[in-house]
Amino acid sequence: ALPDAAIVFRADGALLWSNKLAQFYFGLRWPDDAGQRLSNLIRHPEFYAYLNEGNFEEELTIPSPIRESLDIEIRIMPYSEDQFLLVARDVTQVKRLENLRREFVANVSHELKTPLTVLQGYLEMMDDPQQTPPAMLKKAVENMNAQSTRMSNLVDQLLTLSRMETPSDDVFDHEVDMPAMLEQLQAEAKRLNEAKQHTIEFQVAPVRIYGKENLLRSAMQNLITNAIYYTPEGGNITVSWKRVAGGAEFSVTDNGKGIPAEHLPRLTERFYRVEDDRNSASGGTGLGLSIVKHAIEHHNSQLDINSSLEKGSRFSFRIPSGLLVN
Ligand code: ADP
C-alpha cells in the first residue's frame, strides 16, 4: 500500500522483496529477480558507489535505468537486522521545476543587473561635476531614463506573467468587443509607428468573443508592437481578425527580416531572444511572446509562427468557435 516504490534487500545486496512501483521504476522482473544482487539489477555507477559506501544519510537521485527521462530519488534505511529498505519516488517534475526556477531567477537578476550597472556608472560619473561637461550630462540623463524605463517595463511584464499563471475559469463571464479593442490598438500602433513609417493595415471583421479583455489586449498588443519593432523602416504590416473554419483568427503579418528556423520553437520561452536582438542594448526583454502564449492559452488557443528569412513573419492564433458570441 506504499505510494512510493519499495525494495527490501539483504546486507549482501540480495533482493528479497519489491512492490509493483519498484518493478516499474527499475524494470525489475518479479519473482524472477528475487535473490539477485541489487547492483546488478539497478545498473548505475552512482548507485553502485552509494551501495558500496554504505552511508545512507543522504538520498541519491539517479535516472531510472529503463526510462532515462524519469528522475528517481532513492533513500535507504535499515529495516531489520541484516536487511535494508529502499524507498524511491519520482522527482522528475520537482527537479524540472527547480531547474526552471533557478534559471528564471538567474535570468531576472541578469536582466535587472544590466540597466542597474549602467545607472551606477553614470551616477559615479556625475558625482564629480567637474568631470561632467553639460553635453555629456544630457546624454547621461537620456540613457538613465531609457534604462529605468526598461527596468520598469521588465517588472511590469513579470507581474503580468505571474498574474496570468493564477488560473481562473471565468472566461465565459465577459464579452469582448474585439473590433473596438482593435480600434484602440490601431491608434496606439499609429503613434508607435511614427519613427518607422510602416504601412499598417487593419482588416477587422465584426466578431465578438467571450474572454478576458486584458489578456487579449496584451497578446495582440505584443504581436503588433513586435512587428513594428522588428521590421526595418517602411515595411508593410497587416493586422487581421476574421472568421475562419473552427473559429476566428487573429494574425499579424510583416515583411520584415524574418526569424531563422532554429529559433522558432523557443521563441515563447521566457527571456528568449534571437541572437542579433539579444545584443542590442535597447529593445525588449524577451518576455513578450511568453505573455502572448499564456494569454491565449487561457482562451484554448495557441500561437502559430510562420517565418522566412528576409521575407517576413506571420504570428497568429485561433479562438475556437465555442468562444465566439453569435
Ligand atoms: P522581445 O521583448 O525581445 O521583443 P519577444 O518575446 O516579444 O521579446 O520576442 C522574442 C524574440 O523574437 C525577439 O527578441 C525577436 O528576436 C523575435 N521576434 C519577435 N517578433 C518578431 C518579428 N515580427 N519579426 C522578427 N523577429 C521577431
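Residues numbered from 1 in each chain as written. Predicted model: local features only at pLDDT ≥ 70, side-chain atom pairs only at ≥ 80, totals over all residues. Heavy atoms only, no water.

(A) How the structure looks around the overall build of the protein. In terms of regular secondary structure, the protein is built from nine helices and twelve strands. Along the longest, intermediate and shortest principal axes, the C-alpha atoms of the protein span 80 × 70 × 40 Å. The proportion of buried residues among the 326 residues of the protein is 39%. Taking the intrachain contacts of the protein between residues at least 6 apart in sequence as the baseline, contacts between residues at least 24 apart amount to 60%. (Helix = DSSP H or I, 4+ residues; strand = E, 2+ residues; numbered from the N terminus. Buried < 20%, exposed > 50% of the residue type's maximum accessible area, 1.4 Å probe, protein only. Contact = heavy atoms within 4.5 Å.)

(B) A look at the packing of helix α5 (residues 134–164) against helix α9 (residues 288–297). Contact geometry of α5 with α9 gives a least axis separation of 10 Å together with a crossing angle of 20 degrees. Classified by the angle their axes make, α5 and α9 are roughly parallel. Note on packing geometry: the crossing formed by α5 with α9 is left-handed. Of the residues in α9, those touching α5 at Q157, T160, L161 and M164 are G288, S290, I291, H294 and A295. (Axes fitted to C-alpha atoms, helices over the stretch in contact; angles between N-to-C directions. Parallel < 35°, antiparallel > 145°, perpendicular 65-115°, else oblique. Left-handed = near helix turned anticlockwise from the far one by under 90°.)

(C) Here's a closer look at α9. The buried count for α9 comes to eight of ten residues, which makes it a mostly enclosed element. Every buried residue of α9 is listed here: G288, L289, S290, I291, V292, H294, A295 and I296. On its buried side, α9 packs onto α5, α7 (213–230), β11 (303–308) and β12 (312–320).

(D) Quick look at unusual backbone geometry. For the bond from W30 to P31, the omega torsion is 5 degrees, close enough to zero to count as cis. Residue placement: P31 occurs in the loop between α1 (20–26) and α2 (38–41). Backbone geometry places N300, a non-glycine residue, at a positive phi of 50 degrees. Backbone geometry at E310 places phi at a positive 70 degrees, although glycine is not the residue there. Here E310 is to be found in the loop between β11 and β12.

(E) Region of the structure containing the pattern of salt bridges. Applying the stated rule across the entire model yields 14 salt bridges. One network of salt bridges, with partners in common, ties together E59, E73, R75 and R89. (Salt bridge = Lys/Arg side-chain N within 4 Å of Asp/Glu carboxyl O.)

(F) Quick look at the sheet that holds strand β1 (residues 5–10). Strands sit in the order β2-β1-β5-β4-β3 across an open sheet of five strands; the sheet is antiparallel. Both outer strands of the open sheet, β2 (15–18) and β3 (60–63), are each paired with one neighbouring strand and no more. Averaged over all pairs of adjacent strands, the angle between their axes in this sheet comes to 30 degrees, without regard to strand direction. In terms of strand pairing, strand β4 (residues 71–80) meets strand β5 (residues 83–90) through eight bridges, oriented antiparallel. Bridged to I72 within β5 is D90. Against the sheet, helix α3 (residues 45–53) makes contact with β1, β3, β4 and β5, and its axis sits at roughly 150 degrees relative to β3, the strand it touches most. (Pairing = 2+ DSSP bridges.)

(G) Up close: the domain arrangement of the protein. Splitting the protein by domain gives domain 1 (5–90), domain 2 (97–166) and domain 3 (170–326). One C-alpha centre belongs to domain 1, the other to domain 3, and the line joining them spans 51 Å. (Domains from an automatic or database assignment.)

(H) Focus on α3. Where α3 is concerned, the buried positions are F47, Y50 and L51. With its buried residues spanning 95 degrees around the axis, α3 presents them on a single face. Facing away from the buried side of α3, by more than 90 degrees, are the exposed residues P45, N52 and E53. Contact partners of the buried residues in α3: β1, α2, β3, β4 and β5. (Arc of directions from axis to C-beta.)

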